[in-house]
Each structure stands twice: as structure tokens, then as C-alpha cells.
Amino acid sequence: MSLSSVSARLTLLALLSASTFYCFYESRRLRKLKLSLQNPNPNRSVSKPKLFFVSQTGTSKALAQRLCDLLAINDLAFDLVDPKDYEPEDLPKETLVLIVASTWEDGKAPESAKFFANWLAESADDFRVGSLLLSNCNFAVFGVGSEAYGATFNSVARDFSKQMRAMGAREVLPVWEGDVDSGDVDEVFDAWSVKVVGFLKRGGVVENGGGEVLVSESDGESVGEDEDSEEEGGDEGSDIVDVEDIAGKAPLRKKTVTVAETNGKLNGKKDMVTPAIRASLEKQGYKIIGSHSGVKICRWTKSQLRGRGGCYKHSFYGIESHRCMEATPSLACANKCIFCWRHHTNPVGKSWQWKMDDPLEIVNSAIDLHTNMIKQMKGVPGVTLERLMEGLSPRHCALSLVGEPIMYPEINTLVDELHRRRISTFLVTNAQFPEKIAMLRPVTQLYVSVDAATKDSLKAIDRPLFGDFWERFIDSLKALREKQQRTVYRLTLVKGWNTEDIDAYSKLFSVGKPDFVEIKGVTYCGTSATSKLTMENVPWHSDVKAFSEALALRSQGEYEVACEHVHSCCVLLAKTDKFKVNSKWFTWIDYEKFHNLVASGKPFSSMDYMAATPSWAVYGAEEGGFDPGQSRYKKERRHKSSTD
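Cut-offs and rules
Residues numbered from 1 in each chain as written. Predicted model: local features only at pLDDT ≥ 70, side-chain atom pairs only at ≥ 80, totals over all residues. Heavy atoms only, no water. Core = buried A, V, L, I, M, F, W, Y, C linked by side-chain atoms within 4.5 Å. Buried < 20%, exposed > 50% of the residue type's maximum accessible area, 1.4 Å probe, protein only. Helix = DSSP H or I, 4+ residues; strand = E, 2+ residues; numbered from the N terminus. Axes fitted to C-alpha atoms, helices over the stretch in contact; angles between N-to-C directions. Parallel < 35°, antiparallel > 145°, perpendicular 65-115°, else oblique. Contact = heavy atoms within 4.5 Å. Nonpolar A, V, L, I, M, F, W, Y, C, P; charged D, E, K, R; others polar. Phe/Tyr/Trp six-rings, centres within 6.5 Å; stacked < 30°, edge-to-face > 60°. Lys NZ or Arg CZ within 6 Å of the ring centre and 35° of its normal. 1 Å grid on protein atoms, 1.4 Å probe; cavity = no way out; pocket = protein on both sides within 12 Å on 5 of 7 lines; lining within 4 Å. Points joined across faces, edges and corners; volume = space filled by probe spheres on them. Salt bridge = Lys/Arg side-chain N within 4 Å of Asp/Glu carboxyl O.

(A) Local environment of the nonpolar core. Ranked by internal contacts, the top residues of the largest apolar core, which has 84 residues, are Val450, Phe473, Tyr489, Leu491, Ile519, Leu551 and Leu573. Considering every element that reaches this core, the biggest residue donor is helix H15 (residues 469–481), with seven residues.

Here it is, written out as C-alpha cells:
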């Protein structure tokens, strides 16, 4: 026998021995894992496996609780753990860890899990720790995030996976990721939960009990379809990634898993409003139009129908509040503002990625739904037949309900249709789409939200999706300056957040040169998981007045305080060289003249359709911006006294 033959045989024997040892090692490891879960010996003290939830808004916590209940039903006892109550130094003692992890601002972990996340990151990067610290630990991670944030989507879950593997932990299932904006995060999580339970009960072979085709978009691998697809993927234990295999197999970690991928899609485009988002918005009183638009009746519309006063736009610009329709053609937004009164129940996105409804159908449906809500006011105390009939014929449309209306690709066609019906348009944009502002055709009044005056404070308050949010913000103000029709900066004052930057705000005046500056105190909408604002953050009207007067003073006469609406805690600054004529303010709008100017097709400016402001709306008037033609109604507020 030749030397080469002997060498080949020895090599083969060595491989067979290694293979036999590996199979034996794996079977013992899985048996040990299963025994640790079932813990048949009641006299033996064994720590339960851990199920961690890394949560900011409560979504991950709720999902983890759901999984914990499912595991318990299957006789798999886990401790549900908040990382803030856990000592990371104890991780090497764990044999099995499941993690449901949310990603918060800037791709970081929520505050409650920062210490846990930092410990993992620092330990994984510390050469002194070594690659075997977590060698006794088996783990799986599910990520919860917003895909609209791009590169940081589910970065916490991905980092946890990478860091734990770097310290020798075995990833028993690849990272799965849920997108809270897609509306199917529950379905994806439930599919992952089925695989987790299946792995734990059967030692690695996991079937998807629902029968759906679950496809990884990162590499097209089927991860739980049926027996045939499992066989095509290789061994039954192909979902197991051990230390020995880490160098050769990376877990699936991009979008990773989507369930029923064709549901809600048309020609490759999905519905913006998923069933979950629709249910949430409808619960709040929204009427959903098609797949991405909405309308809702404003409380001031109902108030003026009853003769109890109009909103601040009635006082500042002369709209008829009972004839105003509040709508949007895009429920999606590119920000997640801390003071969002929708508590982030609407979708988010940086570009239009959904199927698109016809603008004429949106307008028709919006008017139909709005008038149906007006009809419901019939018989309400104070509603006269005259005002009810007027309300059934809307003359104004506030395109500011929720989301970012300017994102809608057919916004110009929609605005033109409203104008054709002689319905005025007040459009609000969040200053993240300068190119859309530049291409926008004339609207009655164009707003840009100026929620902060510096880059850091804007990031903290608006929590924008775009990385270049500040550049987009400044470019939006520059685009506003080129508009010939009425333009407005809208400032929302949040006490303790953005009320100290008067000089910085003043410097922004020269960038966009708006006709008006609306300054309004934030409306408290209740504390939620996404916003920790309290009544302490709501300024008094006196605070708003002081801020407005100081800002006007900084402008050195370019702007003056023109109007106020005490009830809305709102003040208006106006350009003196345009809207103050012979010491009299002209902030109101001649709506009929505006529509005639639009219909003419000729260029026109904001000064061509201004009208005189009534004395009761002027700043400092005794009425405080309340129309004396309406009846003032004040609720009796009875609070319990300490003696009750």
C-alpha cells in the first residue's frame, strides 16, 4: 500500500471520528437543553431560561409576554425579564436566552436596556473576555423596529446577535425582524414563536404550523415552508448555528421574514393603511379613504355649527370653521414628533412606496364622508338649520390632519380639484421635502412646521427619519421663500424643549421670509409610551405672548404681533410691509378673489387677495380673538377638594 493511500485512509478515519464526536456532542447538548427546560427534579434548583424584552413603547414587552404564555402552554417555563432589572454579568450562567428587542433613536437600545446593551458591546470588543464567555448559552433574537429608518432598522437585534456570537453563544435560530410600520409584525412574530417552540420541543426541527411560505428576502432561503423545502435546504438541523459554523454561515438578517408577502399589494405596491393601522385610526374617529387618505371632523367645526365660536384660523384669516374640512391625502409622515397627537399610530416613510389612489376619488370621498359627519350634528343643541346647510357645503380644506400631504405624488391635481370646486386650501408640510415644495402649485396658504431652531433640538423634537434632516429643513425654508402666495412658519412651543431659542428662531426668518408666523402652545394629548410630555410642558397663553413679543422685537420691525386666539393659546406675527396698511391689519383672506385669481391662470401674490382683519381679532383686543357674533360657552369644571 502506497504512502498516499495510507495517508488518505487515516484522513478519512479522522473525519469519521470527528463527525461521530460532533453528533454525540450535539445530541448531548440538545438533551441537556431540553432537560434544563423541563426540570423534572423538583429538589434540584435550576434557574429558568430567560426571555428578555427590550422595549420603549411597550410593543416588544407585549410580544414577549405573548411568547411567554405560549411557552408555558407547551410546558416550557421561562422568566420574563426587563434588562434594567438584570445583571449582565450573570449571562455566562444562562443556558438559554430569548430576546425580543426594539430599536429606538439613532439605532440605539431604549433607555431601560442601555446598560445591558453597553455591556454586550464592550464585552464583545474586549480581547480579554475571549470567545468562550457565553459558550454555555443558546439564544435567539427577534427584532422590532421601523424599516423607514433604513440602515438602523432593527440594529439593536442585529448587534445583540453579533455580540453574543462573538462571545461564543450559540444562535439556535437566525434573527427575525418585525416592521411596526408594515402592520404585520404580529404575524411575523407569531411565525417566529412557532419556530422557537418547535425547536425547543423537537431539538431543532421546526415546522411552520400555519402552512404559509416564509421567505427570507436576504437570500431567498425558505425557513419553514414544508417538508420538501426543508429537505432542499439540507440537514434537519440547518437552522442551528454553532460556534464551529459561525465562520461559514451568517444568520439571516435583513428584512429576514415576511408573512403572506403578497397580501395588501397591487402591482408590487402595498397599502399604506394596513388593517392594524386602519383599526387604530378608526378607533380615534378617523374616516379612512381608500388606501392612504383620511378625513376627520374638527371640534371647532362642531363648535361653530353650534354657534359657540370658531378656531384660530377663523380669527386670523377669516375661514368659516363650520365649513372647514380637515383631511390628508397621505397618512404617512417622515417624522415621529414627540408631540404628535396621533401617538404615532400613522405610518412613516421617506418616499412614496405604496399604491396610489386617484385624486378625484379622494376629493369625492372626503367630501362625502365629511358631510355625513356634519349630518350627524342635526338636532344637537345650538345647531341651526342655516348653519347645518352651510356646513354641508365645505368651503375650506385644511390639508393638515395627520401625516405629510405633500408626499402624495398627485398633490397638485388634488389641490387643483379643490380649487375648481372653490374650496380653499391650507396645506401644512413638515419641512423634509424641499423638492416637493418647489414644485407645488399655488395653494391658499402654505405652512412649514418649524418645531425647533437648531439642529440638535429639531432632531430631539421631530425625531426625523432622514439623516440629512437639517439640510432638508433649511432647503424647505428656502423653497418657501420663492412662493408668491401666502406662506407661514408654524411654531409649536413645548415648554422645556424649544422655548429658549428666540435668537435662533429669529435667524430663520431671513431664510424663508414667511408672510406670517403662527406661534402656538403644544396641545397635551396624554402621556403615551412614545411621548413623555406632561402638562408641565404646556405653556400658558401668557408664555406664548411673551415669546411672541420677544420674537417680534428681534425682527427689528419686520414683523409685529397682529392677532391672537386666547382659547387656542395661539398668537400671529405678520409682515408689516405687506399686511399693515395705514396702521390697520389685513391678515384675513378674500376667498372669492383668490379663486378668481387661480381660475385666471395669471401670476398673483399674497397681497392680491388680502382682506381687513376685524377689530376683535387684533392682538390685545378685549375679545381675545373670540368672534362676538358667537356665543361664549364655558364648561363648569368641578374638581374634588381635599375635604370631599
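From this point, things continue past the structure.
(B) Spatial organisation of the packing of helix H14 (residues 455–462) against H15. Packing of H14 against H15 brings their axes to within 10 Å, and their N-to-C directions diverge by 100 degrees. By the angle class used here, H14 and H15 are roughly perpendicular. Residues Lys455, Leu458 and Lys459 of H14 form the contact with H15, whose participating residues are Phe469, Trp470, Glu471 and Phe473. Residue composition of the contact of H14 with H15, by class: four nonpolar, no polar and three charged.

(C) Inspection of the packing of aromatic side chains at higher detail. Enumeration over the complete set of coordinates arrives at 24 aromatic pairs. For the pair Phe142 and Phe189, a centre-to-centre distance of 5.0 Å together with 85 degrees between the ring planes defines the contact as edge-to-face. With a gap of 47 residues between them, Phe142 in strand E4 (residues 138–145) and Phe189 in helix H5 (residues 185–202) connect regions that are remote in the sequence. For Phe142, a relative accessible area of 0% gives the class buried. Here Phe433 and Phe466 contribute two aromatic rings whose centre-to-centre distance is 5.7 Å and whose plane-to-plane angle is 80 degrees, an arrangement assigned as edge-to-face. You can see Phe433 sitting in the loop between strand E13 (424–429) and helix H13 (434–439) and its partner Phe466 sitting in the loop between H14 and H15, a full 33 residues away along the chain. Note on accessibility: Phe433 and Phe466 belong to one class, buried. Arg472 extends its terminal NZ or CZ atom over the ring of Phe466, reaching a point 3.7 Å from the ring centre. Above the face of the Phe626 ring, Arg632 is positioned so that its terminal group lies 4.9 Å from the ring centre.

(D) Highlighting empty space enclosed by the protein. Under the defined criterion, the tally for this structure stands at five cavities of 30 Å³ or more. Every residue along the wall of the second largest cavity is listed here: Gly294, Met325, Ala327, Thr328, Pro329, Ile362, Val363, Ala366, Cys397, Leu399, Leu414 and Leu418. Among the elements of the structure, strand E11 (324–328), helix H10 (359–375), strand E12 (396–399) and helix H12 (411–420) are those that each provide at least two residues to the lining of the second largest cavity.

(E) Spatial organisation of the environment of Asp106. Along the chain, the position of Asp106 falls in the loop between strand E3 (96–102) and helix H3 (114–125). Placed 49 residues apart in sequence, Asp106 and Ser155 show a C-alpha to C-alpha distance of 9.4 Å. Contacts of Asp106, omitting those with residues within four sequence positions, involve Thr152 and Lys459.

(F) Highlighting the pattern of salt bridges. This model, assessed by the stated rule, comprises 25 salt bridges. Linking Arg158 and Glu177 is a salt bridge whose minimum nitrogen-to-oxygen distance equals 2.8 Å. With Arg158 in helix H4 (residues 155–166) and Glu177 in strand E6 (residues 176–179), the pair connects residues that are 19 residues apart, well separated along the chain. Residue classification places Glu177 among the buried positions, given a relative accessible area of 2%. Of the charged contacts, one joins Arg278 and Glu282 as a salt bridge, the two residues approaching to 4.0 Å between their closest N and O atoms. Linking Arg278 with Glu282, this pair stays in helix H7 (residues 275–283), spanning four residues, or about one helical turn. Under the relative-accessibility criterion, Arg278 is labelled partly exposed at 27%.

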